[in-house]
Amino acid sequence: LFGGDVAGVEALVRFRGTPRHRSPEAWFAEAASVGLLPELEIAAIELAIAHLDRIPAGTYLSVNLSPGTICSEELPRVLGDRAHRLMLEVTEGPLADEEAALACLHSLRDLGVKIAIDDVGAGYAGLSRVVALSPDFIKLDRSVVAGMATDPFRRSLIQRMVSFATDVGIGVIAEGIE
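These lines cover the structure that appears in this document, whether it is placed above or below.

Rules of the game
Residues numbered from 1 in each chain as written. Predicted model: local features only at pLDDT ≥ 70, side-chain atom pairs only at ≥ 80, totals over all residues. Heavy atoms only, no water. Core = buried A, V, L, I, M, F, W, Y, C linked by side-chain atoms within 4.5 Å. Buried < 20%, exposed > 50% of the residue type's maximum accessible area, 1.4 Å probe, protein only. Helix = DSSP H or I, 4+ residues; strand = E, 2+ residues; numbered from the N terminus. Contact = heavy atoms within 4.5 Å. Salt bridge = Lys/Arg side-chain N within 4 Å of Asp/Glu carboxyl O. Disulfide = S-S within 2.5 Å. Pairing = 2+ DSSP bridges. Axes fitted to C-alpha atoms, helices over the stretch in contact; angles between N-to-C directions.

1. Thoughts on the nonpolar core
Grouped together as the largest cluster of nonpolar side chains are 35 residues, with contacts concentrated most on Ile-45, Leu-75, Leu-79 and Leu-88. When residues in this core are grouped by element, the largest group, four residues, is from helix H2 (residues 37-49). With residues near it in sequence (within four places) discarded, Leu-88 still touches Val-63, Leu-65, Leu-75, Leu-79, Leu-108, Val-113, Lys-114, Ile-115 and Ala-116. With six residues, the next largest nonpolar core counts Ala-7, Tyr-60, Ala-116 and Ile-173 among its residues.

Right, dumping it as structure tokens:
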């Protein structure tokens, strides 16, 4: 929320196939294990974009993207002329070639896409990734945000993160405050 208005929505993947009890993370992990993660992510992004007209104009649609898919040749085509309404959330995982990833992110930004780093404060989404990628937004992981109202340590950390982000022109999104 910015000033009480909804600024964006996040598309989350849910699978209908069998086995039904499998989490989206398990499906994506299996795709990664057989070398098909970029294809599955691109397909998920394409399906999400197909529903872009369901959200109000001026509202962005956020989709997840692993570091290995950042430089997919299919991505700019899929984003198309609606890229300005999209935010790509870079998820966990190592950047195999940071220089190439930065060049690809620059090209995606030129299309109008906003870049976010997902789960900041957990796993690979540490401060070094924030510095390296210079995102438009950081999404503070729910493990950092949870309990901040009663935990002065968490509250102080979040205040410092917001101060840093404000100083360098990055937006902050807190996960798990629903």
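2. Things to note about unusual backbone geometry
The phi torsion at Asp-119 lies on the positive side, around 60°, for a residue other than glycine. Inspection of the secondary structure puts Asp-119 in strand E4 (residues 114-120). A positive phi angle, near 40°, is found at Ser-134, a position not held by glycine. Residue placement: Ser-134 occurs in the loop between helix H5 (127-133) and strand E5 (137-140). The exposure class of Ser-134 is partly exposed, given its relative accessible area of 46%.

3. A look at the pattern of salt bridges
Within the structure shown, the criterion is met by nine salt bridges. The salt bridge partner of Glu-30 is Arg-22, with a shortest N-O separation of 2.2 Å. Here Lys-139 and Glu-89 are joined by a salt bridge, their closest N and O atoms 3.0 Å apart. Here the residue Lys-139 occupies a position in strand E5, and Glu-89 occupies one in strand E3 (residues 86-90), the gap between them amounting to 50 residues. Here Lys-139 and Glu-89 have matching classes, each one buried. Several salt bridges share partner residues, and in doing so they unite Glu-10, Glu-89, Lys-139 and Glu-175 into one network.

4. A closer look at the state of the cysteines
According to the stated counting rule, one finds one disulfide in the structure shown. Note that Cys-71 is cross-linked by a disulfide to Cys-104, the S-S spacing being 2.1 Å. Since a negative S-S torsion denotes a left-handed disulfide, the Cys-71-Cys-104 link at about 115° is right-handed. Taken as a pair, Cys-71 in the loop between strand E2 (60-65) and helix H3 (75-79) and Cys-104 in helix H4 (residues 98-110) lie far apart in primary sequence, 33 residues in all.

5. Some words on the sheet that holds E2
Judged by pairing direction, the sheet is parallel, and its six strands sit side by side in the order E1-E2-E3-E4-E5-E6 without closing on themselves. At either end of the open sheet lies a strand with only one pairing partner, and these are strand E1 (8-10) and strand E6 (171-174). Here the average twist between neighbouring strands, direction ignored, is 30°. Against the sheet, H2 makes contact with E2 and E3, and its axis sits at roughly 170° relative to E2, the strand it touches most.

The analysis is restricted to geometry; functional conclusions fall outside its scope.
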